[in-house]
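Residues per chain, in single letters:
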Amino acid sequence: MYIEELTLTNYRNYDKQKVVFDKKINVIIGENAQGKTNLMEAIYVLAFTKSHRTPRDKELIKWDAEYGKIEGRVLKRNQSIPLEVIFSNKGKKAKFNHIEQKRLSEYIGAMNVVMFAPEDLNLVKGSPQERRKFIDMEIGQTQPVYIYHLGQYQRILKERNALLKDLQRKPNADSTMLKVYTDQLIEHASIILERRFQFLQKLRKWAQPIHQGISRGNEQLNIDYDASIDVSEDVNSEKIRIVYEEHFNHIEQKEIDRGTTLVGPHRDDLIFYVNDKNVQTYGSQGQQRTTALSLKLAEIELIFEEVGEYPILLLDDVLSELDDYRQSHLLNTIQGKVQTFVTTTSIDGIAHETISEAEIFTIHEGQ
Ligand code: ATP
Ligand code: MG
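All figures in this text were calculated on a predicted structure; none of them were measured in a lab. (Residues numbered from 1 in each chain as written. Chains lettered and ligands numbered in written order. Predicted model: local features only at pLDDT ≥ 70, side-chain atom pairs only at ≥ 80, totals over all residues.)

Trainee: Lay out the nonpolar core with the relevant residues and their values.
Mentor: Ranked by internal contacts, the top residues of the largest apolar core, which has 91 residues, are Ala42, Ile43, Tyr44, Leu46, Val113 and Leu314. It is helix H6 (residues 176-214) that provides the largest number of residues to this core, a total of 11 residues. Contacts of Val113, omitting those with residues within four sequence positions, involve Ile43, Tyr44, Ala47, Pro311, Ile312 and Leu314. (Core = buried A, V, L, I, M, F, W, Y, C linked by C-beta atoms within 7 Å. Buried ≥ 20, exposed ≤ 12 C-beta atoms within 10 Å, placed from the backbone. Helix = DSSP H or I, 4+ residues; strand = E, 2+ residues; numbered from the N terminus. Contact = placed C-beta atoms within 7 Å.)

So, in structure tokens, the structure goes:
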């Protein structure tokens, strides 16, 4: 799939701007603070209805404007589909083919995007939360039902935690609701964990050979799912549910003492190993970057497998960070089949072979 055109209205530092893109490589050149990341972000938001760099939608609206709008046309399965996301103080709306979608989870997935930006190094270096966000975004992108379960899970978790806090303070309070919340939580948790296990198996399958390729065969990548319950990855949600039930029964008093939910997908993590050493702890900067890059490139293949079309790739400020070998390896991997956006402050950082095939855009003050 690829994005044919994009129109921004009152989006970040853009007043009104329409751009028609190349279906292969688009290079966006501009000095600092001109609107390169804002443009990449807008494409990302058109896919996910939220930004990769802020949870506060309000920041996306141009200062002093009442609303902000992103419109785009995506070519998918030989059909050109109009998409639209609008932000105002009344919230946000997403339109697919001019029709407003009641649930955002139904809209997400209309367009698939993979973004690789410098902060993605946090996927390896950062907190478990960053890695859970990565898994959730990736699964959600091809399985809207996963977003539904995740939303329900988070809602119930909040209520359950509030109740546990109450019980912690007032040990004689009525605890009948706890069982109800626990059952509801487990229902969603077991589906979430099942989907994560399935995703992990596919992620490994793609990421391992890609990592070997980028590291010229020197490095072997392994990925572990660190679950808060003891369960093997090849079981289905029914089995997972039973394990959760046993576990929650065991730890009820401990949860009340601590006033919080102690197991579940919200406590899980991923661990990356390169040649059997934990990359977060022992990896060099380059090994950490290669790991993050392999995961992102694996995502591209994974989405192709699920959707039948390649996603759109956004490379914000990362191409010039890679050495020539890695840069050309990256471009060979995606060659011709993935619409790619590359931002840079200077054309010098981009390899010749990239430039020769690309459409070049220059951005100055949001134009
Ligand atoms: P760099 O090379 O430093 O990464 P960039 O071209 O990626 O620069 P952007 O992150 O796109 O820069 O930001 C461009 C400008 O947009 C910044 O000066 C920022 O202050 C401005 N900006 C951010 N949010 C808004 C907003 N809501 N309204 C108006 N301007 C905004
Ligand atoms: Mg930027």
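Trainee: Give a description of the UniProt feature "binding site: ATP" (unreviewed entry) in the chain that names residues and reports values.
Mentor: Taken from the UniProt record, the annotation "binding site: ATP" (unreviewed entry) applies to Gly30, Glu31, Asn32, Ala33, Gln34, Gly35, Lys36 and Thr37. With respect to the helices and strands, the residue Ala33 is situated in the loop between strand S3 (25-29) and helix H1 (36-48). Residue classification places Ala33 among the exposed residues on the basis of 11 C-beta atoms within 10 Å. Judged by C-beta crowding, with 23 C-beta atoms within 10 Å, Gly35 ranks as buried. Apart from residues no more than four positions distant in its own chain, Gly35 is found in contact with Arg12, Asn13, Tyr14, Gly30, Ile363 and Gly366. (UniProt positions renumbered as here; feature names shortened; annotations may be inferred.)

Trainee: Talk me through the site of ligand 1; I want residue IDs and the actual numbers.
Mentor: Among the 15 residues in the neighbourhood of ligand 1, the closest are listed as Asn13, Asn32, Lys36, Thr37 and Asn38. A breakdown of the residues in the shell around ligand 1 according to their chemical character gives 3 nonpolar, 8 polar and 4 charged. (Near = placed C-beta within 6 Å. Nonpolar A, V, L, I, M, F, W, Y, C, P; charged D, E, K, R; others polar.)

Trainee: Could you give me a rundown of the sheet that holds strand S11 (residues 277-278), with the residues and numbers involved?
Mentor: The 3 strands are arranged S9-S10-S11 in an open sheet whose pairing can be described as antiparallel. Both edges of this open sheet fall to strand S9 (221-226) and S11, since each of them pairs with a single strand only. (Pairing = 2+ DSSP bridges.)

Trainee: With reference to specific residues and values, describe the UniProt feature "domain: RecF/RecN/SMC N-terminal" (unreviewed entry) in the chain.
Mentor: Summarizing the sequence annotation, UniProt attributes the feature "domain: RecF/RecN/SMC N-terminal" (unreviewed entry) to residues 2-346 in the numbering used throughout. Secondary structure within residues 2-346 divides into 47% helix and 23% strand; the distance between the first and last C-alpha atoms comes to 25 Å.

Trainee: If you had to explain the environment of Val338 to someone new, which residues and values would you point to?
Mentor: With respect to the helices and strands, the residue Val338 is situated in the loop between helix H10 (324-334) and strand S13 (340-344). The sequence separation of Val338 and Ile312 amounts to 26 residues, and the corresponding C-alpha distance is 6.1 Å. Beyond its immediate stretch of four places on either side in the chain, Val338 contacts Ile300, Tyr310 and Leu313.

Trainee: Lay out helix H4 (residues 128-142) in plain terms, naming residues and giving numbers.
Mentor: An ideal rise of 1.5 Å per residue puts 21 Å on 15 residues; H4 measures up with 22 Å between its terminal C-alpha atoms. For H4, the elements touching its buried residues are helix H3 (122-125), helix H5 (144-169), H6, strand S10 (269-274) and helix H9 (285-307). (Expected span 1.5 Å × (residues − 1).)

Trainee: Hey, could you go over the pairing of strand S1 (residues 2-11) for me, with residue numbers and the actual values?
Mentor: The pairing of S1 with strand S4 (residues 67-76) spans 7 bridges and is classified as antiparallel. Following the sheet pairing, Glu5 is matched in S4 by Arg73. Of the strand pairs in this sheet, S1 and strand S2 (residues 14-20) are connected by 6 bridges, and their pairing is antiparallel. Among the inter-strand pairings, Leu8 is bridged to a residue of S2, identified as Gln17. Where S1 hands over to S2, the hairpin turn is made up of 2 residues, of which Arg12 adopts a positive phi near 45°.

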